[in-house]
Amino acid sequence: MTLQRTRPDLPSNDKRWKLVNAAMRRNGYAGHALIEALHAVQDAFGFLDEEAMTFVADSLDLPLSKVYGVATFYHLFMLKPQGRHACVVCTGTACYIKGASALIEGVQERFGVAPGETTADKSLSVLSARCVGACGLAPAVVLDGNVIGRLGPAQLCERLEQEIAE
Amino acid sequence: MNLDDLEDLAVKFRDDANEPETEVRVCMAASCQSSGAAPVLDALRGGCGDKAEGACKVKGVGCMGLCSAGPLVAVAPPAAALDEAVIYREVSPADAPEILASAAPGGAPVERLRCPSDMPFFARQHKIVLANAGIVDPDSFRGYVMLGGYAAMVQALTEMTPQEVVNEVTASGLRGRGGGGYPTGLKWSTVAKMPANQKYVICNADEGDPGAFMDRAVLESDPHRVLEGMAIAAYAIGANKGYVYIRAEYPLAVERLKTAIRKAKRAGFIGNHICETQFNFDVEIRLGAGAFVCGEETALMASIEGNRGQPRPRPPYPAEYGLWGSPTLINNVETYANIAPIITEGGGWLAGIGTEKSKGTKVFALAGTIVNTGLIEVDMGTTLRDIIFDIGGGIPDGRAFKAVQTGGPSGGCVPEAHLDMPVDYDSLKTLGTMMGSGGMIVMDETSNMVDVARFFMEFCMDESCGKCIPCRAGTQQMHGLLDKIAKGRASRADLALLEELCEVVQATSLCGLGQTAPNPVLSTLRYFRHEYEEKLG
């Protein structure tokens with residue numbers, strides 16, 4: 001006899017939890033769809049906090065330690081809130097050859113944040129990625145989901161300032 | 001449904017489409033989109049909307065290859081190959097009226113935008129995997145069928161036994177395109193022989209090598225081709241469930257693959273009783289989350305199961321004990337994309353292309369300091385010199401060539417002296433590098449090889465999953481030594497220690513990531529040792 005478990009209540013009235021719940025329901029609350037569930041949380045909230053991980057663990061009937069283990073293993077999952085704008089500098093080989101490190105240095109000098117950090121006013125997060133596959137546009141940067149290419153450090157900083165000002 | 005029914009369906013689709021004699025294709029792959037292809041497509045569609053019904057057709061297509069000249073637009077008869085098309089480069093929305101005029105009957109090409117389609121970049125390619133790329137609308141199921149798509153699957157399901165399918169693939173001599181080069185037919189027959197009720201087919205689309213974007217281009221340009229290959233594989237080995245494990249960093253490819261699966265399911269080409277046969281096959285997408293090690297097959301399966309993507313020792317191989325313990329066939333995107341033509345044309349046809357031990361063609365992503373950055377497909381056995389200087393157009397700004405890096409962080413650098421080597425799995429191995437998935441990064445004289453080696457070691461250090469000590473600690477130590485050398489603070493003893501460490505990590509790591517992590521160091525030491533020695537104190 002299998003016991004029917006009750007699913008946990010949504011943590012709050014925030015509508016975004018419904019999206020997360022729907023994603024888990026689509027996969028039949030299967031434990032092996034954990035990564036899908038974490039993607040859903042990150043798409044909805046931008047990062048994974050303890051509340052979200054606990055909710056996912058309870059819903060999928062997994063230990064919280066496992067959820068935390070998976071969340072920390074994969075680079076794409078963020079455990080801290082991100083800035084309003086995300087600037088991902090590609091550091092793949094082609095971009096490296098064409099000066100990705102100059103971009104990172106330029107942004108660090110201007111905004112004072114290294115890859116993985118967010119500015120104090122939460123306006124900008126700088127991240128680095130291992131090849132976004134836009135090698136034809138090297139050095140490539142993904143700014144809020146849009147790939148922009150062939151920029152120098154000065155042009156990139158200018159572009160970022162524009163985005164932040166808007 | 002048999003082949004005749006499918007042909008009837010294609011004819012019906014063609015009649016419904018009522019296409020004009022020339023169509024305008026806009027490259028909507030990720031690279032061209034980033035350089036502004038979407039507004040160009042809108043402008044062309046807008047201009048086309050004013051014309052009479054059936055007088056003009058504008059469609060978004062997949063990768064045309066020459067990424068550095070994007071956004072690309074081609075004007076050609078429907079289904080015509082790219083080298084018969086008029087290709088326009090760096091098109092802006094303002095150019096739309098002129099291009100539409102050139103596509104109308106009697107229109108002359110717009111010479112100021114023209115990119116010669118007889119240039120070596122287009123003329124010297126041999127497209128098998130990319131045959132439909134840049135021609136078919138990736139979101140259109142009908143478009144794929146009109147180009148003869150799914151004929152191989154229908155043929156396999158209705159006219160061939162699973163064993164015959166495996167035999168064709170074995171006869172073709174196809175080897176795994178993910179980098180290892182394991183004979184595909186052998187892999188298929190091993191899984192086919194496993195006495196199990198449940199088997200799985202996995203498509204490895206976790207293209208993690210920096211500088212490689214072949215699989216992404218295939219999925220963005222012709223997703224149905226990959227699904228068809230997977231379905232044929234599932235039929236051959238006796239599986240009814242497939243997974244595509246794809247990087248989350250490729251949102252466009254994920255979107256197009258989802259659309260393709262949805263449309264194929266609706267048309268009855270994926271799902272239960274495919275094309276009214278007894279064969280069932282369902283496909284699901286699983287997203288990666290940014291871990292390079294998940295390209296390793298056992299780590300990939302761990303990730304599909306929802307675990308940390310850590311590899312386990314082999315044997316048992318996935319063919320025996322794979323996903324959830326069931327026999328599992330794992331192939332790369334490009335390998336699956338080769339299957340449909342092998343079934344249609346016969347294994348002997350592919351075996352007639354390429355070199356003695358490496359058959360068929362290979363897709364390469366050309367990047368770095370090279371004139372024609374982009375995606376190419378050439379016969380196995382083409383020399384590196386032809387690829388870089390003829391097809392790739394050589395090095396820009398009059399600088400000198402220094403090395404070409406293949407195989408990503410598991411590969412190595414090939415210097416000028418070996419450029420006349422024909423490229424295949426085995427020749428690259430003798431040069432101390434490997435085919436890898438097909439990324440080729442060209443470096444000019446300004447690149448310092450110690451820096452390059454340090455860059456790759458940093459990559460491996462970051463991406464090491466931490467399960468086995470040689471890789472976890474070894475990459476860290478090797479990176480430290482390389483950093484010391486690069487900064488001019490190292491002694492001869494440090495270099496000797498680095499070489500010793502390379503051997504240890506190579507010999508004792510658990511999976512391919514660690515075993516091949518020293519390769520970039522060893523290969524740069526082999527060809528550019530003086531650059532290391534110059535930096536020693």
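A look at the overall build of chain A
Now for step 1: Tallying secondary structure elements over chain A gives seven helices and five strands in all.
Now for step 2: Across the 166 residues of chain A, 51% fall into the buried class.
Now for step 3: Pairs at least 24 residues apart make up 62% of the contacts formed inside chain A by residues separated by at least 6 positions.
Now for step 4: Counting only carbon and sulfur atoms, one obtains 50% of the accessible surface of chain A, whose full area is about 8,200 Å².
Now for step 5: Across chain A, the 16 positively charged side chains and the 18 negatively charged ones have centroids separated by 6 Å.

Description of the domain arrangement of chain A
Now for step 1: Annotation of chain A at the domain level lists domain 1 (16–73) and domain 2 (85–165).
Now for step 2: Of note, the centres of domain 1 of chain A and domain 2 of chain A, computed from C-alpha atoms alone, are 29 Å apart.

Remarks on the nonpolar core
Across soluble globular proteins, nonpolar side chains have a tendency to be buried as a group.
Now for step 1: Ranked by size, the top nonpolar core spans 184 residues in total, and within it Leu44(B), Trp188(B) and Phe281(B) carry the most contacts.
Now for step 2: Here this core gets 10 residues from one element, more than from any other, and that element is helix α11 (residues 223–237) of chain B.
Now for step 3: Here Phe281(B) is in contact with Val201(B), Met230(B), Ala231(B), Ala234(B), Ala239(B), Asn240(B), Lys241(B), Gly242(B), Ile270(B), Gly271(B) and Ile274(B), once residues within four sequence places are set aside.
Now for step 4: Counting 48 residues, the second largest nonpolar core, distinct from the first, contains Trp17(A), Ile35(A), Leu62(A) and Cys468(B).

So, the side chain of Asn332(B)
All names here are of chain B.
Now for step 1: With respect to the helices, strands and loops of the structure, asparagine 332 is situated in strand β9 (residues 328–332).
Now for step 2: At 2.9 Å, the side chain of asparagine 332 forms a polar contact with the side chain of aspartate 215.
Now for step 3: Looking at asparagine 332, its side chain comes within polar contact range of the main-chain nitrogen of glutamate 334, at 2.8 Å.
Now for step 4: In this structure asparagine 332 touches Arg177, Gly178, Asn204 and Asp215, once residues within four positions along its chain are discounted.

Remarks on the layout of surface pockets
All names here are of chain B.
Now for step 1: Approximately 1,200 Å³ is the volume attributed to the second largest pocket.
Now for step 2: Residue lining of the second largest pocket: 43 residues in total, with Gly180, Gly295, Glu296, Glu297 and Arg314 positioned closest to the centre.
Now for step 3: Secondary structure elements with two or more residues in the lining of the second largest pocket: α9 (184–193), β6 (200–205), β9 and α21 (512–516).
Now for step 4: Residue contributions to the lining of the second largest pocket peak at five residues, all from β9.
Now for step 5: Of the residues belonging to the lining of the second largest pocket, the class tally is 13 nonpolar, 20 polar and 10 charged.

Thoughts on a negative patch on the surface
Now for step 1: Taken together, the side chains of Asp4(B), Asp5(B), Glu7(B), Asp8(B), Glu159(B) and Glu276(B) define an acidic patch exposed on the protein surface.
Now for step 2: Inspection of the secondary structure puts Asp8(B) in helix α1 (residues 3–17).

A closer look at the packing of aromatic side chains
Now for step 1: This model, assessed by the stated rule, comprises 18 aromatic pairs over all chains.
Now for step 2: Taken together, a centroid distance of 6.2 Å and an interplanar angle of 45 degrees make the contact between Tyr200(B) and Tyr243(B) tilted. Here the residue Tyr200(B) occupies a position in strand β6, and Tyr243(B) occupies one in strand β7 (residues 241–246), the gap between them amounting to 43 residues.
Now for step 3: Judged by its relative accessible area of 11%, Tyr200(B) falls in the buried class.
Now for step 4: Assessed through its relative accessible area of 4%, Tyr243(B) is described here as buried.
Now for step 5: Each residue in the set Phe141(B), Tyr144(B), Tyr150(B) and Phe269(B) is aromatic and connected to the rest through ring pairs, giving one cluster.
Now for step 6: Across from the ring centre of Tyr29(A), 4.0 Å away, lies the NZ or CZ of Arg7(A), which sits over that ring.
Now for step 7: The cationic tip of Arg216(B) hangs over the ring face of Tyr250(B); the distance from NZ or CZ to the ring centre is 5.5 Å.

Considerations on the interface of chain B and chain A
Now for step 1: Contacts between the two partners involve 52 residues from chain B, matched on the other side by 33 residues from chain A.
Now for step 2: When the two sides are added together, the surface that chain B and chain A hide from each other amounts to roughly 3,300 Å², 58% of it contributed by carbon and sulfur.
Now for step 3: When the buried surface of chain B facing chain A is broken down by residue, Ala289(B), Arg308(B) and Phe455(B) rank first, second and third, together holding 19% of it.
Now for step 4: At the boundary of chain B and chain A, one finds two salt bridges.
Now for step 5: Among the salt bridges present, the one from Glu36(A) reaches Arg286(B), with a minimum N-O distance of 3.8 Å.
Now for step 6: Between the two partners, chain B and chain A, sit 20 residue pairs in polar contact (both at pLDDT 80 or more).
Now for step 7: Looking at the side of chain B that touches chain A, the elements with two or more residues in it are α2 (30–34), β8 (282–287), α13 (297–304), β10 (361–368), β14 (439–444) and α18 (449–463) of chain B.
Now for step 8: Looking at the side of chain B that touches chain A, the element that brings in the most residues is α18(B), giving eight residues.
Now for step 9: The residue inventory of the side of chain B that touches chain A, partitioned by class, reads 24 nonpolar, 16 polar and 12 charged.

A short note on the pattern of salt bridges
Now for step 1: Per the counting criterion, the structure on display carries 38 salt bridges over all chains.
Now for step 2: Among the ionic pairs, Arg454(B) bridges to Asp451(B), the shortest N-O distance being 3.4 Å. Of this pair, Arg454(B) and Asp451(B) both sit in helix α18, three residues apart, which is roughly one turn of the helix.
Now for step 3: Residue Asp451(B) is classed as partly exposed on the basis of its relative accessible area, which comes to 22%.
Now for step 4: Linking Arg454(B) and Asp483(B) is a salt bridge whose minimum nitrogen-to-oxygen distance equals 2.8 Å. Of the two residues, Arg454(B) sits in helix α18 while Asp483(B) sits in helix α19 (residues 469–486), which places them 29 residues apart along the sequence.
Now for step 5: Each of Glu36(A), Lys241(B), Lys265(B), Asp282(B), Glu284(B) and Arg286(B) takes part in salt bridges that share partners, so that together they form one network.

Some details on the sheet that holds strand β3 (residues 124–129) of chain A
Residues and elements named next belong to chain A.
Now for step 1: Spatially, the five strands line up as an open sheet ordered β2-β3-β1-β4-β5, and their pairing is mixed. For this open sheet the edge positions go to β2 (117–118) and β5 (146–149), each flanked by a neighbour on one side alone.
Now for step 2: Pairing geometry for strand β1 (residues 85–90) and β3, over six bridges, is parallel. By the bridge assignment, cysteine 90 is partnered in β3 with alanine 129.
Now for step 3: Strands β1, β3 and β4 (140–143) of the sheet are contacted by helix α6 (residues 100–111), whose axis makes an angle of about 150 degrees with β1.

Rules used in this analysis
Residues numbered from 1 in each chain as written. Chains lettered and ligands numbered in written order. Predicted model: local features only at pLDDT ≥ 70, side-chain atom pairs only at ≥ 80, totals over all residues. Heavy atoms only, no water. Helix = DSSP H or I, 4+ residues; strand = E, 2+ residues; numbered from the N terminus. Buried < 20%, exposed > 50% of the residue type's maximum accessible area, 1.4 Å probe, protein only. Contact = heavy atoms within 4.5 Å. Areas by Shrake-Rupley, 256 points an atom, 1.4 Å probe, with all protein chains shown as cover. Lys, Arg positive; Asp, Glu negative; His and termini not counted. Charge placed at Lys NZ, Arg CZ, Asp CG, Glu CD. Domains from an automatic or database assignment. Core = buried A, V, L, I, M, F, W, Y, C linked by side-chain atoms within 4.5 Å. Polar contact = N/O pair within 3.5 Å; in protein donor to acceptor, adjacent residues only side chain to side chain. 1 Å grid on protein atoms, 1.4 Å probe; cavity = no way out; pocket = protein on both sides within 12 Å on 5 of 7 lines; lining within 4 Å. Points joined across faces, edges and corners; volume = space filled by probe spheres on them. Nonpolar A, V, L, I, M, F, W, Y, C, P; charged D, E, K, R; others polar. Patch = residues over 30% accessible without salt bridge, like charges linked within 9 Å, V, L, I, M, F, W, Y side chains within 5 Å. Salt bridge = Lys/Arg side-chain N within 4 Å of Asp/Glu carboxyl O. Phe/Tyr/Trp six-rings, centres within 6.5 Å; stacked < 30°, edge-to-face > 60°. Lys NZ or Arg CZ within 6 Å of the ring centre and 35° of its normal. Buried area = accessible area lost by both parts, 1.4 Å probe. Pairing = 2+ DSSP bridges. Axes fitted to C-alpha atoms, helices over the stretch in contact; angles between N-to-C directions.

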